[in-house]
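# Chains, contacts and geometry: an overview
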Amino acid sequence: MNVRTPGALAPQREAPSIFGRGGRSRALLALLASTAFLACGDDGAASASGSGSGSGSGGAGASGSGTGASGGGTGTASSGQGGHAPAGLVEPGDPGPGDVTFTVRADQGVRPISQLIYGANWAEDLDGEQRGTTVVRMGGNRMTAYNWENNASNAGSDYMHQNDAHLVGNSPNGDVPGEAVRVLAEDALTHGAAFIATIPVCGYVAADKDGDGDVNQTANYLDTRFHPTIARKGAPFSSSPDLGDDAVYQDEFVAWMKQAFPDAFRGEVANVLFSLDNEPDLWNHTHERIHPEPVTYAELVDKNIEFASAIKDVAPNALVTGFVSYGYSGYISLQGAPDADGNFIEHYLDAMKAAEASAGRRLVDVLDLHWYTEIYANGERITGADASPESVEARVQAPRSLWDPTFVEDSWIANDVVNGPIMLLPWLRGLIDAHYPGTALGFTEYNFGGGNHISGAIAQADALGVFGREGVFVATIWDPGDEVSMLRAGVRAFTSYDGQGARFGDTSVHAETSDVAKATVYASIDEADPSRMVLVAINKTTAPLTAAVTLAAYGTYAAVDVWQLTAAEADLVAAAPITPGATNAFTYAMPAHSVSVLVPR
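Residues numbered from 1 in each chain as written. Predicted model: local features only at pLDDT ≥ 70, side-chain atom pairs only at ≥ 80, totals over all residues. Heavy atoms only, no water.

### A short note on the confidence of the model for the chain
The cut-off we apply is this: As a per-residue quantity, pLDDT reports the predictor's confidence and falls between 0 and 100. Strands are runs of DSSP state E lasting at least 2 residues, helices are runs of H or I lasting at least 4, and numbering of each runs from the N terminus. Contacts are residue-level and defined by heavy atoms, with any inter-residue pair within 4.5 Å sufficient.
Averaged over every residue, the pLDDT of the chain is 89; residues scoring 70 or more account for 86%. Element-level mean pLDDT values for the chain span from 44 in helix α1 (residues 22–33) up to 99 in strand β20 (residues 533–539). Under a pLDDT of 50 for its full length, residues 2–17 has, in the predicted model, 64 contacts with residues more than four places off or in other chains. This stretch, residues 20–84, has a pLDDT under 50; its non-local contacts, to residues over four places away or in other chains, come to 196 contacts.

Okay, structure coming up:
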């Protein structure tokens with residue numbers, strides 16, 4: 001996607017660093033190291049329907065390639081990944097009748113939630129609408145030809161294939177090495193978020209910031225308007241790189257990052273991650289001036305190994321994400337690569353596993369993908385702003401394709417390739433388990449559209465609930481910056497529901513709905529305090545619904561505090577608390593088309 005010029009966590013409140021708490025840092029390391037990270041066993045109760053803590057039996061990939069892991073990565077309170085066995089589980093009473101039932105159990109489906117799923121691309125309002133963001137990615141098409149030495153970049157097909165100063169604008173420091181990255185990274189890290197930097201691996205980066213239109217108007221433009229991007233310098237690094245050597249070294253950039261942000265590289269896991277370019281499956285379209293031919297399986301694997309190895313040489317504790325695919329056709333064939341031979345994700349994982357065996361260390365930590373739904377409604381793709389009834393209904397149901405074995409969306413993927421439910425996350429878990437266990441899963445771009453409409457907030461909140469429950473490691477919404485007030489409010493249901501930093505818990509537990517098409521529910525507890533429970537309840541319908549809620553929990557609750565996000569306002573507004581009618585059991589009147597945060601106390 002195109003980019004804009006850029007202008008931590010205690011159990012409940014914000015903290016200085018995403019990896020700063022020793023216990024959570026060790027837990028995240030355990031998640032990455034464990035082959036069970038993406039399919040943590042099946043000893044917990046799976047959901048019979050709706051948004052429970054299982055995902056069925058796994059989704060099929062194209063041509064039947066790969067099956068999902070069973071269950072949804074669940075555990076019990078005594079044996080599950082990240083589980084606890086505190087005394088005194090309180091069984092609920094009878095809440096009375098409702099239109100839907102929500103069943104929550106703190107002793108089942110127990111799994112750590114990676115705090116890196118609450119991320120955004122180019123986040124620049126971390127004290128406002130994007131408060132609580134846990135990771136900021138500097139990604140998109142602009143970064144494929146970004147030259148860190150002078151901050152030049154090429155717009156590619158987004159704007160005339162022009163070299164210019166877009167990433168630094170009129171900054172007086174626009175010629176200072178790394179300045180474009182420094183501004184965004186400093187803001188993220190200061191706010192306790194992690195940062196994802198993009199490493200250009202395509203072949204060339206912009207040499208100048210002339211802003212004079214298509215570079216192909218210059219004779220021999222590849223030689224005169226670009227410099228090769230090279231993985232290793234093979235000489236001492238400098239914070240003032242040689243601008244006249246016709247080369248830009250990416251290991252030197254990593255070294256510059258370490259020098260600029262030394263605290264971010266301390267500890268077991270660095271707070272800076274490195275992404276291997278952006279959407280290589282589209283290079284011959286988005287960046288045809290520097291990569292006119294389609295990328296091949298062999299080329300992309302070689303580039304990923306070469307650059308990941310160079311990164312790890314300089315910053316061995318930094319996580320590396322690859323291959324950063326644009327979407328489903330990229331997953332299965334690298335967008336029809338000339339040497340395509342079987343599913344590319346399988347090929348890539350096999351190659352990275354072999355590279356680890358050869359190098360004696362893991363090179364790529366995260367399988368990094370982009371997901372933009374291919375559903376069309378009312379003649380338009382729902383990733384846009386259309387708010388017709390058809391688009392709204394399609395949008396609020398779209399996140400079900402991430403996991404639901406009963407949901408078949410109306411798209412070419414479901415209808416012509418998979419021929420059934422997409423079940424994206426179970427399918428991907430199955431590929432990882434079969435081809436490179438221990439690899440984490442990330443989505444560094446995704447967006448369901450409707451940024452200023454309540455349906456966008458509903459889809460966004462639903463996706464975050466799924467990501468946490470299903471074990472996604474990192475996720476950064478593509479936030480275009482304009483007309484996104486509802487989208488951002490949907491994120492805040494998890495990151496700052498009270499406007500002061502109160503957030504969803506760090507451990508997912510079993511939460512099941514009786515009717516997933518109408519309503520979904522997600523539940524969390526805290527590792528440090530399992531009695532603290534937070535629920536996110538979503539009404540996908542155009543009418544109010546009464547939910548009958550039961551909580552099997554490590555506490556007895558006298559009241560339930562409520563925050564509501566509705567079409568009336570792009571913010572979560574406190575509502576009257578609920579008094580349970582029986583032990584840990586109550587009914588809740590969900591407004592039409594709404595996201596509610598329920599906090600028992």
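Okay, back to it.
### Examining the packing of aromatic side chains
Definition in use: Pairing of aromatic rings covers Phe, Tyr and Trp, the last counted by its six-membered ring, and requires centre-to-centre distances within 6.5 Å; plane angles under 30 degrees mean stacked, over 60 mean edge-to-face, and any other angle means tilted. Relative accessibility decides the category of a residue: with a 1.4 Å probe and only protein chains considered, values under 20% of the type maximum give buried, values over 50% give exposed, and everything between is partly exposed. The criterion for a charge sitting over a ring is simple: Lys NZ or Arg CZ within 6 Å of the ring centre, and within 35 degrees of the ring normal.
The tally for this structure, following the rule as stated, stands at 17 aromatic pairs. Between the aromatic rings of Y297 and F344, the centroid separation amounts to 4.7 Å while the plane-to-plane angle is 65 degrees, which identifies the pairing as edge-to-face. Taken together, the residues span a long stretch of sequence, with Y297 in helix α6 (residues 297–314) and F344 in helix α8 (residues 344–359) at a distance of 47 residues. For the pair formed by Y297 and F344, the shared burial category is buried. An aromatic cluster of three or more residues is present, and its members are Y297, F323, F344 and Y348. When the ring centre of Y436 is taken as origin, the NZ or CZ atom of R362, which lies over that ring, is 3.9 Å away.

### A word on the sheet that holds strand β7 (residues 194–199)
Cut-off, in case you're wondering: Only when DSSP finds a minimum of two bridges between them are two strands counted as paired. Between the N-to-C directions of two axes lies an angle of 0 to 180 degrees, each axis being a line fitted to C-alpha atoms and, for a helix, fitted only over the stretch in contact.
Pairing within the closed barrel is parallel, and its 8 strands lie in the order β3-β4-β7-β11-β12-β13-β16-β17. When the angles between neighbouring strand axes are averaged without regard to direction, this sheet yields 25 degrees. Helix-sheet contacts for helix α4 (residues 250–260) involve β7 and β11 (272–276), and the interaxial angle to β7 is about 160 degrees. On top of the sheet, α8 reaches β12 (320–325) and β13 (366–371); it is set at about 160 degrees to β12, its chief contact.

### Focus: the sheet that holds strand β10 (residues 248–249)
Spatially, the 3 strands line up as an open sheet ordered β8-β9-β10, and their pairing is mixed. Strand pairing shows two members of the sheet lacking a second neighbour, β8 (204–206) and β10, which therefore form its edges. In this structure, β8 lies alongside strand β9 (residues 226–230), joined through 3 bridges in antiparallel fashion. Counted as the bridge partner of A206 is F226 from β9.

### A few points about the nonpolar core
Going by this rule: Working definition of a nonpolar core: buried Ala, Val, Leu, Ile, Met, Phe, Trp, Tyr and Cys residues. They are joined through side-chain atoms within 4.5 Å.
Within the largest apolar cluster, 135 residues are counted, with the highest numbers of intra-cluster contacts made by F195, M257, F274, Y331, W371, F443 and F467. A per-element tally of this core places helix α12 (residues 454–470) first, with 9 residues. Ignoring sequence-local partners within four residues, the contact set of F443 consists of Y331, L369, W371, L424, L425, L428, F467, V472, V474, A475 and T476. Grouped together as the second largest cluster of nonpolar side chains are 28 residues, A523, I525, L535 and F586 included.

### A word on the environment of N121
To keep things clear, this is the line we draw: Any pair of nitrogen or oxygen atoms within 3.5 Å is treated as a polar contact; in protein, a donor-acceptor pairing is required on top of that, and neighbouring residues in sequence qualify only through side-chain atoms on both sides.
Mapping N121 onto the fold places it in strand β3 (residues 119–121). The exposure class assigned to N121 is buried, which follows from its relative accessible area of 0%. Residues N121 and T476 lie 355 residues apart in sequence; the distance between their C-alpha atoms is 5.8 Å. Of the polar contacts made by the side chain of N121, one reaches the side chain of R137; its length is 2.8 Å.

### A look at helix α13 (residues 485–495)
Burial of α13 is extensive: 10 of the 11 residues sit out of reach of the surface. Of all the residues in α13, the buried ones are M486, L487, R488, A489, G490, V491, R492, A493, F494 and T495.

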